[in-house]
Structure formats: structure tokens, C-alpha cells
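Observations on the model geometry
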Amino acid sequence: MAEKKATKKAAEPKAAEKKAAAPKKAAAKKVVEVVINAENVGFKAGDVYQTLFAAEKALSVKEIAKQAKITEAEALLGMGWLLKEGKIKGEDNLISLA
């Protein structure tokens, strides 16, 4: 009986080693849903425009999104609207007022 207990104790560290060696799962990407309609995109365009106006310099998409407190996808939607109207321009991956 003493031999069986010793065998179980010896097997436990191996199981722990397998768990430690297992690769970690990547965090699931967060899905962001953006409502695409003229009203919502127009509001995002306003957010982008106001952010660029307040900054008084060219900004990257990431900076615009952070300062406007919107997602990068929403910033891109708003930028598309403003580009079509000729209100902004892009140079060297930076966006500025036209």
C-alpha cells in the first residue's frame, strides 16, 4: 500500500509540468460594432473635424481617435466623409485640415 501512494505522488508533478508547458491562449479580439448611417457618420466626421481644429496640427488616425474619444473605425468613417467634402488632407500618414 505504501508503494501505491508513492506512485501517485510521483505522477502529480508530471501533470503540473504539462499544465505549465501548455501554450497560453491568445486573448479573444474585441468586436466593435459601428452603426453606419448618414447621421452617425456625420457625427463622427464632426468629432474628427473638431479634434483636428483643436489640435492645430496634423494627427495620425490613432491620435485622432484617442483625442476624439471614438474608435479608430469611427475615426476612419468620419475622415472618409471629410475627405469627400475636401475638408481634410492626408500627408505622410498624418491628417490635417485642408
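What this report covers is the structure whose coordinates are included nearby. None of these values were measured; they are calculated from a predicted model.

1. As for the pairing of strand S1 (residues 88-91)
Sheet topology note: the S1/strand S2 (residues 94-97) ladder contains four bridges and is antiparallel. Across the sheet, residue Ile-88 finds its bridge partner in S2, namely Leu-97. The turn linking S1 back onto S2 is made up of two residues, and Asp-92 within it adopts a positive phi angle of 55 degrees.

2. Quick notes on the side chain of Ser-96
Within the fold, Ser-96 resides in strand S2. Those residues within four positions of Ser-96 in sequence are excluded, and the remaining contacts are Leu-52, Ala-58, Ile-88 and Lys-89.

3. A closer look at the environment of Leu-77
The topology assignment puts Leu-77 in helix H4 (residues 72-85). Once residues lying within four places of it in the same chain are set aside, the contact partners of Leu-77 are Val-34, Ile-36 and Val-41.

4. Let's talk about unusual backbone geometry
The phi angle at Glu-56 is positive, at roughly 55 degrees, despite the residue not being glycine. With respect to the element layout, Glu-56 can be found in the loop between helix H2 (38-55) and helix H3 (61-68). Residue Glu-56 is classed as exposed on the basis of its relative accessible area of 72%. Its identity as a non-glycine residue notwithstanding, Asn-93 has a phi of 60 degrees, on the positive side. For Asn-93, the location among the structural elements is in the loop between S1 and S2.

5. Observations concerning the nonpolar core
In terms of nonpolar packing, the biggest core is built from 13 residues, with Val-48, Leu-52, Ile-64, Ala-75, Met-79, Ile-88 and Ile-95 touching the most fellow members. For this core, the secondary-structure elements that each account for two or more residues are H2, H3 and H4. Discounting residues that sit within four places of it in the chain, Ile-64 has contacts with Val-48, Thr-51, Leu-52, Leu-59, Ala-75, Met-79 and Ile-95.

Rules used in this analysis
Residues numbered from 1 in each chain as written. Predicted model: local features only at pLDDT ≥ 70, side-chain atom pairs only at ≥ 80, totals over all residues. Heavy atoms only, no water. Pairing = 2+ DSSP bridges. Helix = DSSP H or I, 4+ residues; strand = E, 2+ residues; numbered from the N terminus. Contact = heavy atoms within 4.5 Å. Buried < 20%, exposed > 50% of the residue type's maximum accessible area, 1.4 Å probe, protein only. Core = buried A, V, L, I, M, F, W, Y, C linked by side-chain atoms within 4.5 Å.

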